[in-house]
Amino acid sequence: MTTEEIKRYSRQTAVAEIGETGQKCLSGARVFIAGIGGLGGLVSAELAGAGVGEIAFADCGPVEISNLHRQMLYRTPDVGKLKTDIAAETLRALNPHVRITPYEQFLDEAAMRKIFKGFSVVVDCSDNFRTRAAINRICEELKIPCVYGAVYAFEGQASVFMHDGKTPCLECLFPDIGSCADTKCTENGVVGPCASMIASVQAAEAMKIIMGLPSLAGRVLMADMLNNNFTVIPLRKRERCSICIGK
Ligand SMILES: [Zn+2]
């Protein structure tokens, strides 16, 4: 590490569980973030700040004015510009030591299979069930840990699917997700701080996976910010899961 990097990460390396060893793990890691909106925007900023070696992300379309209440990477003058362009520029300015790789494209299974290879962790910040199901399938195929997060109004949940043959996956949690109708937050509404909270949980989980610290694998965090109920429930590998069983 350069003198500048030592200074930059000093408050992070001072954490006993991280130290210089953890910092080296972070700088050697590659994280892929699927979606760069309310969840992915904050995840990418936190991981860039933390000094993850490479952050890649995919999204398509421009910043919209209705994004700005929760998507903290973007500002009012960014409306109409491509999200991937603004995100890349902001993250590079935040930490020039991090390699930023934007993909301005929709992620279908074929694209995921090609792009995900070699990444240390995938963070699922997508906004529809079809993409989530596909991310789960491809991460299982490639054996890449995936950090899941979802928000709905004042509620959110997060988990980690290690795809290690031992711990459960997304379809153990939602067996019918592949056949679910798409529901996006454009229809449902989402509270900005709730998205930011779940994004922070996702960023912390990604960092812990990279550094070999305890994660949410085999458990689901359920958060209800309206009533201040925060619980972690156990999640078991489902016997008949078509994705992860027996693999
Ligand atoms: Zn499963």
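For the structure itself, look to the data block above.
Residues numbered from 1 in each chain as written. Predicted model: local features only at pLDDT ≥ 70, side-chain atom pairs only at ≥ 80, totals over all residues.

Engineer: Looking at this structure, I do not really get the overall build of the protein chain. What am I missing?
Structural biologist: Within the protein chain one finds ten helices and eight strands. On C-alpha atoms alone, the protein chain measures out to a radius of gyration of 17 Å, which is about the 18 Å that the 2.2 N^0.38 rule sets for 247 residues. Overall size of the protein chain, expressed as C-alpha extent along the three principal axes, is 55 × 40 × 40 Å. (Helix = DSSP H or I, 4+ residues; strand = E, 2+ residues; numbered from the N terminus. Rg over C-alpha atoms; globule rule 2.2 N^0.38 Å.)

Engineer: Whenever I open this one, the sheet that holds strand E3 (residues 99-104) confuses me. Can you help?
Structural biologist: Neighbouring strands of a sheet are bound in pairs by backbone hydrogen bonds; such pairs are parallel or else antiparallel. Taken together, the eight strands give an open sheet; going across it, the order is E3-E2-E1-E4-E5-E6-E7-E8, and neighbouring strands pair in mixed fashion. Single-partner strands in this sheet number two, and they are E3 and strand E8 (229-234). Strand-to-strand twist across the sheet, computed as the mean angle between neighbouring axes with direction ignored, equals 15 degrees. Examined bridge by bridge, strand E1 (residues 30-34) and strand E4 (residues 121-124) share four bridges and lie parallel to one another. Bridge pairing in E4 links Ala-34 to Asp-124. Sitting on the sheet, helix H4 (residues 38-50) touches E1, strand E2 (54-59), E4 and strand E5 (146-152), and the angle it makes with E2 is about 170 degrees. (Pairing = 2+ DSSP bridges. Axes fitted to C-alpha atoms, helices over the stretch in contact; angles between N-to-C directions. Contact = placed C-beta atoms within 7 Å.)

Engineer: Looking at this structure, I do not really get the nonpolar core. What am I missing?
Structural biologist: Soluble, globular proteins show a tendency: their nonpolar side chains are buried together. Counting 72 residues, the largest nonpolar core has Val-31, Ile-33, Ile-55, Val-122, Val-123, Ile-198 and Ala-206 as the members making the most contacts within it. By residue number, the principal contributor to this core is helix H10 (residues 192-211), which donates eleven residues. Setting aside residues no more than four positions away along its own chain, Val-122 makes contact with Phe-32, Ala-34, Phe-116, Ile-135, Cys-139, Ile-144 and Cys-146. (Core = buried A, V, L, I, M, F, W, Y, C linked by C-beta atoms within 7 Å. Buried ≥ 20, exposed ≤ 12 C-beta atoms within 10 Å, placed from the backbone.)

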